[in-house]
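Next come the chains, spelled out residue by residue.
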Amino acid sequence: MLADNLKLVQRNIDSACEQYQRHQKDVLLLAVSKRKSSALIRTAYSLGQHDFGENYLQEAIDKQCDLNDLSITWHYIGQIQSNKTRQITEHFQWVHSVDRLKVAQRLSSQRPSHLDTLNICLQVNIDAEISKAGLKLEEVCETAIAVSELPNLRLRGLMALPKANDTLREQRASFAKLRDCLATCNAQLNTPMDTLSMGMSGDLEAAIAEGATIVRIGTAIFGARD
Ligand SMILES: *Cc1c(COP(=O)(O)O)cnc(C)c1O
């Protein structure tokens, strides 16, 4: 079941890459394992999946403890409360959901000195939805410049959760905004960003068409969550 799902998702990524002339090696599959057990993650790992995304801090730390014999790259993709930044920066290699400078400053100053730099994506509220976290499009470049100057962090790119779109064309229009925003900011940064974290189970193809370098897939790999 899990093996079949993983294979199917990988095949969908590969065929989107082919269709939109992207290199497969430029699109990382991030398996979103929130609300799924350590045992399932272990199985996915044994099938070759090494990057996992988690949304809930305590749940993630418990699983990391269960799985500390594996070389997993852990990505934090959930909402961030300021008082949780210390644990986040202690336990993850990537954070995709940085939505304000203050959070980045704390992740930087609290990063343990024995760890490598923490990879950061800024979360952007691309469709300006009231219900969603993320920087406004017009705030992104200014924030990116400030984050890029912090020690212990490496600003990698931008992440978004677009509004629910029905058609491929609408999905692509949302993702194109993130792609354009990355290009605009890169023209102002000393070190360009290289990551577009966009695309989930329902809109992976559109995301790859618009340049996604990390797709975050939960349901299509692990099945529906309770
Ligand atoms: C849950 C989640 C995903 C995965 O969504 P699916 O639709 O299950 O693939 C991706 N990104 C974020 C930020 C999430 O919270």
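Everything below is about the structure printed above this text.
Residues numbered from 1 in each chain as written. Predicted model: local features only at pLDDT ≥ 70, side-chain atom pairs only at ≥ 80, totals over all residues. Heavy atoms only, no water.

Participant: Can you lay out the side chain of Ser 38 for me, pointing to particular residues and giving the numbers?
Facilitator: On the secondary structure map, Ser 38 appears in helix H2 (residues 38–46). Ignoring anything within four residues of it in the chain, the contact list for Ser 38 reads Lys 63, Asp 66 and Leu 67. (Helix = DSSP H or I, 4+ residues; strand = E, 2+ residues; numbered from the N terminus. Contact = heavy atoms within 4.5 Å.)

Participant: Hey, could you go over the environment of Leu 40 for me, with residue numbers and the actual values?
Facilitator: Locating Leu 40 in the fold gives a position in helix H2. Measuring from C-alpha to C-alpha, the distance between Leu 40 and Thr 73 comes to 16 Å, with 33 residues separating the pair along the chain. Discounting chain neighbours no more than four positions away, the residues touching Leu 40 are Leu 2 and Phe 222.

Participant: Please provide a residue-by-residue account of the packing of aromatic side chains, values included.
Facilitator: Overall, the coordinates contain two aromatic pairs when judged by the stated rule. Residues Phe 52 and Trp 74 carry aromatic rings whose centres are separated by 6.2 Å and whose planes lie at 45 degrees to one another, so their mutual orientation is tilted. Here the residue Phe 52 occupies a position in strand S2 (residues 51–54), and Trp 74 occupies one in strand S3 (residues 73–76), the gap between them amounting to 22 residues. For the pair Phe 52 and Trp 74, a shared accessibility class is recorded, and that class is buried. When the ring of Tyr 76 is compared with that of Phe 92, the centres are 5.3 Å apart and the planes differ by 70 degrees; the resulting orientation is edge-to-face. Of this pair, Tyr 76 sits in strand S3 while Phe 92 sits in the loop between helix H4 (85–91) and strand S4 (94–98), and the two are 16 residues apart along the sequence. For the pair Tyr 76 and Phe 92, a shared accessibility class is recorded, and that class is buried. (Phe/Tyr/Trp six-rings, centres within 6.5 Å; stacked < 30°, edge-to-face > 60°. Buried < 20%, exposed > 50% of the residue type's maximum accessible area, 1.4 Å probe, protein only.)

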